Amino acid sequence: MAMIQPIVVLAQTPMPPSRTLPLLQAGVTPKSEITSAIGSSYKLGAGDLVRLDLFDVPELTLEPRYTILLDGMLNLPWVGSVSVQGLTLNQASERLKERYQKFIKDPVVTVSLVAPRPLKVGIIGAVNRPGSYIVNTIGSEVNQASLSQRNSAESGSQWPTVSKAIQTAGGIAQLANVKEIEVRRPTADGTPETIKVNLWKYLREGELTQDIPLQDGDTVYVPIAEKIDPTEATNIAMSNFSPEQIQVNVVGEVVRPGGVAVRPNSTLMQAILAAGGVAPGRGKKTKIELVRLMPDGSVNRREFKFDVAIGLDENSNPAIHQNDVIIVNRSSTAKISDLLGAVVSPVTGAFGLLRLLLGN
C-alpha cells in the first residue's frame, strides 16, 4: 500500500489521519452508485445542499451535508475547494473522483442532492402577473436516478413544473395559447434552448411529459391565441393553472353595480346575474353592451339581449374576460321617469320653501 502524508485541511472539515490509508480495489461498486446519465439533468449551483459518499475510506471523515457556496465551490477535506457550479450530479462525482485520486486508489465517489436551492424563473406573456419568481423545489433527498425519472417520465407535485410556475404567476390569461408555450433555457455556451410545451395535450390526453420540470434560470413564455375555441376555453378554465376568479365591472341598471368576481369563462348573462340581475323596471334588456380592451390596444364594443336561457354562445352569450365592462342601459320608461323627477324636484322644493317662509 502507498503511504499518504497528512496535508492541511480547511477549517470546516476534520484533519485527515497521519497514518497509512487503505487503498480501494478497482471494480468495487457499491449498490448506491449512480449509473444512469441524462443530458437534461439537474445542474448544481450556489445554495444546493449535497451529500458526499466516499466508500471504504473510514479514515476520511466527511460532514453529513455540504452547502455549495456563492462562488459554486465545495470546501472538502484533503482536496480543498472544488468548483461544481453548473455540473450534474454525475459530473460532480467524476470531478471529485479525479481530485481524490491523488490520495486514494480508484476512489468511488457519489454526490447526492439533499435539498435543491429555490429556482429563479421568469414567467411572461399571457399570464395575470408576469414577472420574475422564486419557486421552491422538493425538499427530500434525491439522486441522479430520481432526477432522471422526474425529468423524463413524470411532472411530480414536489418539483416545480410549467403549470406550477403559471399558477405562481396568477394563472393564465383567458386569451392564452396553451398549445404553444415555450420554455427558454440558458445553456453553457450562452445560446438559449427553446422547449415547446403543449398543456392542452396535458389536459386532454393526460400527457404528463408536456408539463416539464423547470430549471434555474428558465423563462416560461405563454403566447396570446389568435382565436379561442369555446369548448377548449371551457376545459382550460377548469384547469388548475387558470385563476380561480376573474374581475369584471357591471355598471348601469343592475341591482348591485360595480366590480364582480366570477369564474373564468363565465358568460355575459352569468356576470349580470352575479351583479343581482337587471334592475326591475329600469334596465333595458334589449341593449346590453360588452366593452373589451383588446391586446392591440383597441376597444371592442358589442350589444346583446339579456336572456338567461341562452347557453355559452359567442354571438349571443359570449364568455367574459378579465376587466371586461358590461353596461346595462336604462329603459325608455326609466329615462322618462328620471327626466320628470329632475324637472319636478326643483319645483317641489320651491313650493316647500315658500310654505316654510309663509309659516303654512
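About the criteria used
Residues numbered from 1 in each chain as written. Predicted model: local features only at pLDDT ≥ 70, side-chain atom pairs only at ≥ 80, totals over all residues. Heavy atoms only, no water. Helix = DSSP H or I, 4+ residues; strand = E, 2+ residues; numbered from the N terminus. Buried < 20%, exposed > 50% of the residue type's maximum accessible area, 1.4 Å probe, protein only. Areas by Shrake-Rupley, 256 points an atom, 1.4 Å probe, with all protein chains shown as cover. Contact = heavy atoms within 4.5 Å. Core = buried A, V, L, I, M, F, W, Y, C linked by side-chain atoms within 4.5 Å. Salt bridge = Lys/Arg side-chain N within 4 Å of Asp/Glu carboxyl O.

Visitor: Before we go on, may I ask you to explain the overall build of the protein chain in this structure?
Guide: Along its length, the protein chain carries 7 helices and 15 strands. In the protein chain, buried positions account for 42% of the 360 residues. Summing over all exposed atoms, the protein chain offers an accessible surface of approximately 19,100 Å²; the carbon and sulfur share of this is 53%.

Visitor: What is the right way to read the environment of threonine 234 from this model?
Guide: As for its position among the elements, threonine 234 is in helix α5 (residues 230-237). C-alpha of threonine 234 to C-alpha of serine 266: the two residues are 32 residues apart in sequence and 8.7 Å apart in space. Setting aside residues up to four positions removed in sequence, threonine 234 forms contacts with Asn265 and Leu312.

Visitor: Would you take a moment to explain the nonpolar core for this structure?
Guide: Soluble globular proteins tend to bury their nonpolar side chains together. Core analysis: the largest hydrophobic core is formed by 27 residues, its most contacted members being Val162, Ile166, Ile181 and Leu199. Of all the elements in the fold, those that place two or more residues in this core are β6 (119-125), β7 (131-135), α3 (162-168), β8 (181-185), β9 (193-197), α4 (199-204) and β10 (219-222). Formed by 26 residues, the second largest nonpolar core is a distinct cluster that contains Leu44, Val50, Leu54 and Leu60.

Visitor: What is the right way to read the pattern of salt bridges from this model?
Guide: Close approach of charged atoms allows side chains with opposite charge to pair. A full pass over the atoms with the stated rule returns 11 salt bridges. For lysine 196, the salt bridge is made with glutamate 182, and the minimal N-O distance between the two is 2.8 Å. Highlighted residues: lysine 196 in strand β9 and glutamate 182 in strand β8, separated in sequence by 14 residues. A relative accessible area of 56% means that lysine 196 is categorised as exposed. A salt bridge links glutamate 289 to arginine 301; the nearest nitrogen and oxygen atoms lie 2.6 Å apart. Taken together, the positions of glutamate 289 in strand β13 (residues 283-293) and arginine 301 in strand β14 (residues 299-304) put the pair 12 residues apart, joining distant regions of the chain. Look at glutamate 289 and you get buried, because its relative accessible area is 7%. On the accessibility criterion, arginine 301 (52% relative accessible area) is exposed. Residues joined in a network through salt bridges with shared partners are Asp48, Arg117 and Asp216.

The values are spatial; any link to function lies outside them.
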